[in-house]
Amino acid sequence: DAEITQSPRHKITETGRQVTLACHQTWNHNNMFWYRQDLGHGLRLIHYSYGVQDTNKGEVSDGYSVSRSNTEDLPLTLESAASSQTSVYFCASSESRSLFDEQYFGPGTRLTVT
Amino acid sequence: DQQVKQNSPSLSVQEGRISILNCDYTNSMFDYFLWYKKYPAEGPTFLISISSIKDKNEDGRFTVFLNKSAKHLSLHIVPSQPGDSAVYFCAAGASGSARQLTFGSGTQLTVLP
């Protein structure tokens, strides 16, 4: 069965360290998204990609970067982790750009920056 | 400024009764709305959607109502079941723009047996 996975599921890191969160999908979807979930804010879009070599900034992109070298993977990098980036991170994918197209979410990565 | 608001952080309902979850939006460009459900330690899963050309969409026990003049939508679950206990997120998007989804902060629904 096709799926979307995230690793690690839990991560504790120190302020200033570079951290990369992995996202891998086997749906063969062109579109991939990274969100963060914080209490009182719901899900906020960090970065998204509509295909290989395509990346775009979302609502809360400062301090984050992504790269898309293949269809299956969209790693999220925190260049220099800050305590404000403590959050739960969700990766998602969808088949088309249409809003009518369901996004499939991964199980999330809980990141703590100390 | 939150463009999609879910003003009730939590809701408790007896099994078998109706659950009504509410969502308000401020951006008049939004023309597509979705509800996602999330269980603990899992990612959100799509539940139901509605476009602005409709005022109601039904899927089994789930019905979404859209009131464009009030910029308000609601999700009705009838009858509610204990397995419906989850966090429900409302999301909205504008098809003419960047096509990104804006999510509300979520409502924790607890269905009591």
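Please read these numbers as outputs of a predicted model, since none were measured by experiment.

Draft legend 1. Spatial organisation of the overall build of chain B. On a plain count of helices and strands, chain B comes out with zero helices and eleven strands. When the helices and strands of chain B are read in sequence order from the N terminus, they spell out β-β-β-β-β-β-β-β-β-β-β. The C-alpha atoms of chain B give 13 Å as radius of gyration, which agrees with the globular expectation for 113 residues (13 Å, within 12%). With 113 residues in all, chain B has 42% of them scored as buried. Considering only intrachain contacts with a sequence separation of at least 6, the fraction spanning at least 24 residues in chain B is 53%. Approximately 5300 Å² of chain B is accessible, and the part contributed by carbon and sulfur atoms is 49%.

Draft legend 2. Structural view of the state of the cysteines. Residue and element names in this part refer to chain A. Applying the stated rule across the entire model yields two disulfides over all chains. Note that C23 is cross-linked by a disulfide to C91, the S-S spacing being 1.8 Å. With the S-S dihedral at roughly -70°, the linkage between C23 and C91 falls on the left-handed side. Taken as a pair, C23 in strand 3 (residues 19–25) and C91 in strand 9 (residues 87–94) lie far apart in primary sequence, 68 residues in all. Exposure class is identical for C23 and C91. Each is buried.

Draft legend 3. Geometry of the sheet that holds strand 1 (residues 4–7) of chain A. Residues and elements named next belong to chain A. What the four strands build is an open sheet, ordered 1-3-8-7; its pairing is antiparallel. Sheet topology places strand 1 and strand 7 (64–66) at the edges, where each strand pairs with a single neighbour. The sheet shows a mean angle of 20° between the axes of neighbouring strands, direction not considered. Across three bridges, strand 3 lies against strand 8 (residues 76–78) in antiparallel orientation. Residue pairing in the sheet places V19 in a bridge with L78 of strand 8.

Draft legend 4. Broad picture of unusual backbone geometry. At the junction of S7 of chain A and P8 of chain A, the peptide bond is cis and its omega measures out at -5° in the coordinates. Phi at K71 of chain B is positive, roughly 50°, even though this residue is not glycine. Tracing the backbone through its elements, the reader meets K71 of chain B in the loop between strand 7 (62–67) and strand 8 (72–77). Among the residues examined, K71 of chain B registers a relative accessible area of 26% and is labelled partly exposed.

Draft legend 5. Highlighting the side chain of H76 of chain B. Along the chain, the position of H76 of chain B falls in strand 8. The contacts of H76 of chain B, once residues within four sequence positions are left out, are I18, S19, I20, R61, F62, T63 and F65 of chain B.

Draft legend 6. Region of interest: the nonpolar core. In this structure, F33, W35, L73, L75 and Y88 of chain B are the most contacted members of the largest nonpolar core, which totals 24 residues. Broken down by element, the residue count for this core peaks at four residues, all from strand 9 (residues 86–93) of chain B. The residues contacting Y88 of chain B, other than those within four sequence positions of it, are Q6, L21, W35, Y36, K37, L47, L75, I77, G106, T107 and L109 of chain B. Core analysis: the second largest hydrophobic core is formed by 18 residues, W34, I46, L74 and L76 of chain A among them.

Draft legend 7. Examining the pairing of strand 6 (residues 56–59) of chain B more closely. Residue and element names in this part refer to chain B. With four bridges joining them, strand 6 and strand 7 adopt antiparallel strand pairing. Of the residues in strand 7, the one forming a bridge with N57 is V64. As consecutive antiparallel partners, strand 6 and strand 7 are separated by two residues, and within that stretch G60 has a phi angle of approximately 65°, a positive value.

Draft legend 8. Looking closely at the interface of chain A and chain B. On the side of chain B, 23 residues touch chain A, which itself brings 22 residues to the contact. The tally of links from chain A across to chain B stands at zero salt bridges. Across the chain A-chain B interface, the total number found is four residue pairs in polar contact (both at pLDDT 80 or more). When contributions to the side of chain A that touches chain B are tallied by element, the ones reaching two or more residues are strand 4 (31–38) and strand 5 (42–51) of chain A. Per-element tally for the side of chain A that touches chain B: the top contributor is strand 5 of chain A, with five residues.

Draft legend 9. Region of the structure containing the packing of aromatic side chains. The full count for this structure, using the stated rule, is 13 aromatic pairs over all chains. Relative to F105 of chain A, the ring of Y35 of chain A has its centre 5.5 Å away and its plane inclined at 40°; by these criteria the two rings are tilted. Within this pair, whereas Y35 of chain A is found in strand 4, its partner F105 of chain A is found in strand 10 (residues 104–105), the two being separated by 70 residues in sequence. A residue is classified by how much of its surface remains accessible, and F105 of chain A, at 10% relative accessible area, is buried. Seen from their ring centres, Y36 of chain B and F103 of chain B are 5.8 Å apart, and the 55° between their planes marks the pair as tilted.

Criteria and cut-off values
Residues numbered from 1 in each chain as written. Chains lettered and ligands numbered in written order. Predicted model: local features only at pLDDT ≥ 70, side-chain atom pairs only at ≥ 80, totals over all residues. Heavy atoms only, no water. Helix = DSSP H or I, 4+ residues; strand = E, 2+ residues; numbered from the N terminus. Rg over C-alpha atoms; globule rule 2.2 N^0.38 Å. Buried < 20%, exposed > 50% of the residue type's maximum accessible area, 1.4 Å probe, protein only. Contact = heavy atoms within 4.5 Å. Areas by Shrake-Rupley, 256 points an atom, 1.4 Å probe, with all protein chains shown as cover. Disulfide = S-S within 2.5 Å. Pairing = 2+ DSSP bridges. Axes fitted to C-alpha atoms, helices over the stretch in contact; angles between N-to-C directions. Core = buried A, V, L, I, M, F, W, Y, C linked by side-chain atoms within 4.5 Å. Salt bridge = Lys/Arg side-chain N within 4 Å of Asp/Glu carboxyl O. Polar contact = N/O pair within 3.5 Å; in protein donor to acceptor, adjacent residues only side chain to side chain. Phe/Tyr/Trp six-rings, centres within 6.5 Å; stacked < 30°, edge-to-face > 60°.

So, to be careful, I would describe these as geometric facts and stop short of saying anything about function.
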